[in-house]
Amino acid sequence: LALPDAHRMTPLAALSGKPARDSSKRVLRHLAERYVPKSIVSAPKQGFVAPLGTWLATDLRDRTSEAIGRLGHRGVIRPERADQMMKDHTSKRRDYSHNLWALVVLDDWFARRIDKLDLPEIPEDAACETHIAS
């Protein structure tokens, strides 16, 4: 069910064919003003950034440390380097949010994709010395 343009836009915007920023979603904005301060309803659009850095240093700290351990055991990262990144991040010496999040996601990918496969165990003495994270 579509609303007529007159209900979706201000009359001037509907006539011009070029809606102004504040003319779109007219009904929704009018309804929102009943529950939310007008200053919020009429505020310009803005993005939302999750506080990933804080989460990795607090709520996801154990999950990140576990991921580092598993990825180190797999031989795809140098755990001592990742541990140092974690220490620097949690002490706020340096923001490693993107790097640490990538390790958590990589660990999750291994768990969902690789660990579900029925692969033969690789002997430790055959492990490769190359690392993808430095």
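Preceding block: the structure.
Residues numbered from 1 in each chain as written. Predicted model: local features only at pLDDT ≥ 70, side-chain atom pairs only at ≥ 80, totals over all residues. Heavy atoms only, no water.

A few points about the environment of Met-85
Relative to the helices and strands, Met-85 is located in helix H7 (residues 79–90). The class for Met-85 is buried, based on a relative accessible area of 7%. Sequence spacing of Met-85 and Asn-99 is 14 residues, and the spatial spacing of their C-alpha atoms is 8.5 Å. Once residues lying within four places of it in the same chain are set aside, the contact partners of Met-85 are Tyr-96, Asn-99 and Leu-100. (Helix = DSSP H or I, 4+ residues; strand = E, 2+ residues; numbered from the N terminus. Buried < 20%, exposed > 50% of the residue type's maximum accessible area, 1.4 Å probe, protein only. Contact = heavy atoms within 4.5 Å.)

Notes on the packing of H7 against helix H8 (residues 97–114)
Running from amino to carboxyl end, H7 crosses H8 at an angle of 130°, the nearest separation of the two axes being 10 Å. If you check the angle between H7 and H8, you find them oblique. Between H7 and H8 lies a crossing of left-handed hand. Two secondary-structure elements touch here, H7 through Ala-82, Met-85, Met-86 and His-89 and H8 through Ser-97, Asn-99, Leu-100 and Leu-103. (Axes fitted to C-alpha atoms, helices over the stretch in contact; angles between N-to-C directions. Parallel < 35°, antiparallel > 145°, perpendicular 65-115°, else oblique. Left-handed = near helix turned anticlockwise from the far one by under 90°.)

A word on the packing of aromatic side chains
Within this structure, the stated rule accounts for one aromatic pair. A centroid spacing of 5.3 Å and a plane angle of 75° characterise the contact between Trp-109 and Phe-110, whose relative ring orientation is edge-to-face. (Phe/Tyr/Trp six-rings, centres within 6.5 Å; stacked < 30°, edge-to-face > 60°.)

Observations regarding the packing of helix H6 (residues 61–74) against H7
Taken N-terminus to C-terminus, the directions of H6 and H7 make an angle of 165°; their axes are 9 Å apart at the nearest point. The pairing of H6 with H7 is recorded here as roughly antiparallel in orientation. Classified by chirality, the crossing of H7 by H6 is right-handed. In contact with Arg-61, Thr-64, Ser-65, Ile-68 and Gly-72 of H6, H7 contributes Pro-79, Ala-82, Asp-83, Met-86 and Thr-90. A class-by-class count of the residues in the contact of H6 with H7 yields four nonpolar, four polar and two charged. (Nonpolar A, V, L, I, M, F, W, Y, C, P; charged D, E, K, R; others polar.)

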